[in-house]
Amino acid sequence: MALVVATAAYYAMDHLFVEAGSDVLIFGPFLGMTGAAVRRPGPLGLLAALTVPVGAAVQMVVLPPRPHVTVTPAIAVAEAVVWTAAAAGAAWALHRFLAERRAVRAR
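Quick look at the structure, then. (Residues numbered from 1 in each chain as written. Predicted model: local features only at pLDDT ≥ 70, side-chain atom pairs only at ≥ 80, totals over all residues. Heavy atoms only, no water.)

## Digging into the packing of helix H3 (residues 43-62) against helix H4 (residues 73-106)
Each pair of packed helices gets described by two things: the angle between the helix axes and the distance between those axes. The interhelical angle for the contact between H3 and H4, taken along N-to-C directions, is 165°, at an axis separation of 9 Å. Taken together, the axes of H3 and H4 are roughly antiparallel relative to one another. Seen along the crossing, H3 lies across H4 with a hand that is left-handed. Contacts from Pro43, Gly45, Leu46, Ala49, Leu50, Pro53, Ala56, Ala57, Met60 and Val61 of H3 reach H4 at Glu79, Val82, Trp83, Ala86, Gly89, Ala90, Ala93, Leu94, Arg96 and Phe97. A per-class count over the contact of H3 with H4 returns 16 nonpolar, 2 polar and 2 charged. (Axes fitted to C-alpha atoms, helices over the stretch in contact; angles between N-to-C directions. Helix = DSSP H or I, 4+ residues; strand = E, 2+ residues; numbered from the N terminus. Parallel < 35°, antiparallel > 145°, perpendicular 65-115°, else oblique. Left-handed = near helix turned anticlockwise from the far one by under 90°. Contact = heavy atoms within 4.5 Å. Nonpolar A, V, L, I, M, F, W, Y, C, P; charged D, E, K, R; others polar.)

Put into structure tokens, the structure is as follows:
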């Protein structure tokens, strides 16, 4: 229930100040539930932890931050930051998953 209220409040503030679409209402609860599953052990936790890094990489491919054809230094830095953060997030999730599997096997 708290997730639904928080999503509705965020959507209301976002709509008032940024005039965003309904993407927050659609993806907000899904991402909240996914975030809650990140600490779960096993493949479910791995998939939950990979959601944001993979989502960022997909968005960079599908909707790159290039409002015009020429690449400015700011766009190049933004792309480098997102790709680096996505790679680091995915690597950390995979490292944590593999370390957990090794620990379980060692018992």
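Here the narrative resumes, following the displayed structure.
## Brief notes about H3
Here H3 spans 26 Å end to end across 20 residues, near enough to the 28 Å set by a 1.5 Å rise per residue. Largest kink in H3: about 40°, centred on Thr51, with the proline Pro53 one to four residues after it. Inspection of H3 places Gly45, Leu46, Ala48, Ala49, Pro53, Ala57 and Met60 among the buried residues, and these make up the whole buried set. (Expected span 1.5 Å × (residues − 1). Bend = angle between axes of the 7 residues up to and from the residue. Buried < 20%, exposed > 50% of the residue type's maximum accessible area, 1.4 Å probe, protein only.)

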